[in-house]
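# Analysis of the macromolecular model
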Amino acid sequence: MTFTYMKLKYQNYIRQFFKYLVVFIATLILSISLLFLMVYIGFFGSLPNKETLSSISNEQASLVFSSDTILIGKYFAENRTNILWDEVPVHLKNALIATEDKRFYTHKGYDTQSYLRVIFKSLLFGKTSGGGSTITQQLVKNLYGRSDYSILSLPVNKIKEIMIASRIEAIYTKDELLLLYLNSVPFGENVYGVETASHRYFNKSASQLKIEESAVLVGLLKANTYFNPRLNPKNSIERRNMVLNLMEKEQYLSAKVADSLQKLPIKLNYETADLKATAGYFVYQVKKKTLDLLEAVKNNTGKVYNLEKDGLKIYTTLNMQVQELASDAIQKQLSKMQIVLDKELENHQFKKQWYVKQKLQAQPNDFKKRKIEVLDWKGLQTKNISKLDSLWHYYKMLNASVLIANPKNGAVISWIGGNHFRTLPFDMVLSRRQIASTFKPILFASALENGFTPCEYLENEEKKYPEFDNWEPKNFDHTSSPNNKVALWYALVNSMNLPTVDLYFKLGREKLLKTCNQLGFPPIKVNAPSIALGTLDLSLFEIVKAYGAFANNGKTNELLLIDKITDAKGNILFERNKPESKEVFSIETSQIITAILQKAIDEGTGTKIRNQYAIKTALAGKTGTSQNYSDAWFIAYTPDLVLGTWVGASTPDVHFYSGNGSGSTLALPIVAQVLKGIEKDAELSKNYLTSFAKTDGVDSFTQCEPYRETGIEGFFNRLFKSGAKKDGNKKKPEKKSLFDKLFKRN
């Protein structure tokens, strides 16, 4: 009786259990079906339709290239560059499939076997066995993300991904889906897509990846930070080896090959997001110009392009080889001269006075030392210094800018706006500083345009100008010669101040201002003759463009940065047209100024470029040194190249106290080093270091004497005497007698 009762009771429990189980399963199926239906009809948001899915395109970075086809910059919301299918290595595809979705080519977007594995191993046996998502579902997640539905988030998002994956599989081939995935998947460090990841970690295109490198990148997908080969190399090796094991298991690799690859270390060639850091200032200017050009495209065609998402390609005028020469020249010169400046600031108590002044307004925390990243001539360094020390470090730091352009078409060949774009983003190429003697050729050219000749004789006598606050200019070497006038050409060759001021008054302010206006200089409002000596502020950009007129037979061109812009498919959105030159000087004037400035290089203020640096190139040029040595300039040119550089501190208060701060000592060596590098390269030399074409008699002015004595004595000396004269320590050219002038050929 008792046994039968127990048996019946047990059977009743079994029936109830199965009854409840059936009800539970039915409820679960009904709930899942209802949830599927709710997702399908859009209760949790609409699903992308066939048309939307057919037009999938990954956001990708726009790329900036130099004229010598080097990638120098990117603009992006997400750092992504897409790759083409035939560029994807077979071993990369195999590694991805073996690791993430081994039945990729057989399922229809979702893998039932994977879900069953997850349910039974993860839920019933408590074992971790992956998420069950296929590559297609992961692609959907990468493209559309996941929404928050509170407790229903996981099931709703999974159902959405299954539905979209099923739809997308009906539109795209398996290979197309694999490519979409590889171009969209995140690899950490704000890097998206395998092409960008390959450049970031191995500094190469994905098409050049080795098997073990592909395994590293595929291993990264599971956890971008934990398996990052730079941050966690040990974890990365273990994960890479697991990928290689899976490739062996799926018979993509032999056991022997897999074993040998697992023994290799990870060899990174890490590329920072800065790319070519030396081109940072230029790339920023290109971005500003590109946005203007895209706005013009929009106005003309109605098409809108997003610079950070549409994968545009911007082809620039920059020559990266010349850019690197300029960067190296700056580093070499400034690292040496910074030591000299530091000593001069110390010896003249400037540093001490600065600290005293700063301490009066400093906060207590400003004196506490802490680890700070600062820029020095070895790069970015972490130093244990106070905030006050950091301020002084940058305050007294020398800066240099370099701008090199082709005068015939305005193409910018090199642009360096400072020491480091990310740390010191202010662009010194565009900064206006006192232009000094580099302005003098503009005045002298204006005089030639207005009837003056190279053999015009100018006063070389010190005098005060009461109408201009008793201004009393002096020559750089403090010499003068009241009894001798100086030929115009000789005054410019030797950058003499007194004859330059005399020329300014003889020419007249308005005629000079007219020339400045034609050259696009900012309006000159100050009515002071000191502008003849370069006291106005100009930028390197403005003065290099102006010197382009001397190099280009009197015609200036707007300086240009961009040759061409295309969309992601290669369609041309913008292409640079033939430049429209503007005539500022006559051919004769430009050739005479060029001949004079060639003598300035060979015999005048620029002789260091020959004597010290042994530059052989036919070259015209001019140095410039502002008051108190606050700004050092040097501009040089050939018919196909204008090279300009400025050197100084961020404020004119910080300067040298000796000739170490002159243009010939501080700025000229940078241009000299660039020219030396160009001379050594046959292709660069051929393109840029061309000879000047001269018309007959353009340099005949050298036959007139540099000096002319004034008064009765001077008249008779010129009439009857010959021989050499001296002025100071300079030997004058031999004078010819009246008989020689009249009857002997030159």
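To be clear, the structure that these remarks concern was listed above.
Model, not experiment: these values are computed from the prediction. (Residues numbered from 1 in each chain as written. Predicted model: local features only at pLDDT ≥ 70, side-chain atom pairs only at ≥ 80, totals over all residues. Heavy atoms only, no water.)

### Some points on the packing of aromatic side chains
Note the threshold: Note on ring pairs: Phe, Tyr and Trp rings are taken, using the six-membered ring of Trp, and paired if centres are within 6.5 Å. Classes follow the plane angle, with under 30 degrees stacked, over 60 edge-to-face and the rest tilted. A helix here means a DSSP run of H or I that spans at least four residues, while a strand means a run of E at least two residues long, and both kinds are numbered starting from the N terminus. Three labels apply to residues, based on accessible area from a 1.4 Å probe with only protein chains included: buried if under 20% of the type maximum, exposed if over 50%, partly exposed otherwise in between. Charge over a ring is defined by NZ of Lys or CZ of Arg lying within 6 Å of the ring centre and within 35 degrees of the ring normal.
Within this structure, the stated rule accounts for 23 aromatic pairs. On the numbers, 5.1 Å between centres and 20 degrees between planes, the contact of Tyr465 with Phe505 is stacked. Of this pair, Tyr465 sits in the loop between strand E11 (457-458) and strand E12 (484-487) while Phe505 is found in helix H18 (residues 497-507), placing the two residues 40 residues apart along the sequence. Judged by centre distance (5.4 Å) and plane angle (75 degrees), the ring pair of Tyr504 and Phe505 falls under edge-to-face. Looking at Phe505, the relative accessible area reads 34%, which means it is partly exposed. Three or more aromatic residues link up through ring pairs in this structure, and these residues are Phe350, Trp354, Tyr355, Trp392 and Tyr395. Of note, Arg239 hangs over the ring of Phe227, and the distance from its end group to the ring centre comes to 5.6 Å. Lys564 extends its terminal NZ or CZ atom over the ring of Tyr315, reaching a point 5.2 Å from the ring centre.

### Focus: the sheet that holds strand E5 (residues 313-316)
To keep it simple, the criterion reads: Strands qualify as paired when DSSP identifies two bridges or more between them. To define axes, lines are fitted to C-alpha atoms, for helices over the stretch in contact only, and angles between the resulting N-to-C directions are given on a 0 to 180 degree scale.
Taken in spatial order, the 5 strands make up an open sheet running E2-E1-E5-E15-E16, and their pairing is mixed. Strands with a single pairing partner mark the edges of an open sheet, and in this sheet they are strand E2 (71-75) and strand E16 (572-575). Recorded for the sheet is a direction-independent mean angle of 15 degrees between the axes of neighbouring strands. Two strands pair when backbone bridges link them, and strand E1 (residues 62-65) and E2 are joined in this way by 4 bridges, in the antiparallel orientation. Its bridge partner lying in E2, Val64 is registered against Gly73.

### Quick notes on helix H12 (residues 280-301)
Note that an α-helix has 3.6 residues per turn; residues three or four places apart therefore point the same way. Here is the rule: Every helix has an expected span of 1.5 Å times one less than the residues it contains. Contact criterion: two residues are considered in contact whenever any of their non-hydrogen atoms come within 4.5 Å of each other.
Its 22 residues give H12 an end-to-end C-alpha distance of 31 Å, which sits within 8% of 32 Å, the value for a rise of 1.5 Å per residue. Among all positions in H12, only Gly280, Tyr281, Phe282, Val283, Gln285, Val286, Thr290, Leu293, Leu294 and Val297 are buried. Against the buried residues of H12 lie E1, E2, E5, strand E9 (412-416), strand E15 (562-566) and E16. At the C-terminal side of H12, Gly302 shows a positive phi close to 85 degrees.

### A look at helix H20 (residues 540-551)
Counted at 1.5 Å a residue, the expected span for H20 with its 12 residues is 16 Å, and the 16 Å between its end C-alpha atoms agrees. Counted residue by residue, H20 has 11 buried out of 12 residues, so it is predominantly covered. Within H20 the residues assigned to the buried category are Leu540, Glu542, Ile543, Val544, Lys545, Ala546, Tyr547, Gly548, Ala549, Phe550 and Ala551. Asn553, located one to two residues past H20, shows a positive phi value of around 55 degrees.

### Some details on the pairing of E2
Most of E2 is tucked away, with 4 of its 5 residues classed as buried. Between E1 and E2, which pair antiparallel in sequence order, lie 5 residues; one of them, Thr69, sits at a positive phi of approximately 60 degrees.

### Regarding the state of the cysteines
Heads up, the condition is: Disulfide assignment relies on a single distance test, namely cysteine sulfur atoms paired within 2.5 Å.
Counted by the stated rule, this structure contains 1 disulfide. Here Cys455 connects covalently by a disulfide to Cys704, the sulfurs 2.0 Å from one another. Every disulfide takes its handedness from the sign of the S-S torsion; for Cys455 and Cys704 that torsion is -90 degrees, giving left-handed. Placement of the pair is Cys455 in the loop between helix H16 (440-449) and E11 and Cys704 in the loop between helix H24 (682-688) and strand E21 (707-709), with a sequence separation of 249 residues. Of the residues examined, Cys455 reaches a relative accessible area of 27% and is grouped as partly exposed. Exposure remark for Cys704: the relative accessible area of 14% places this residue in the buried category.

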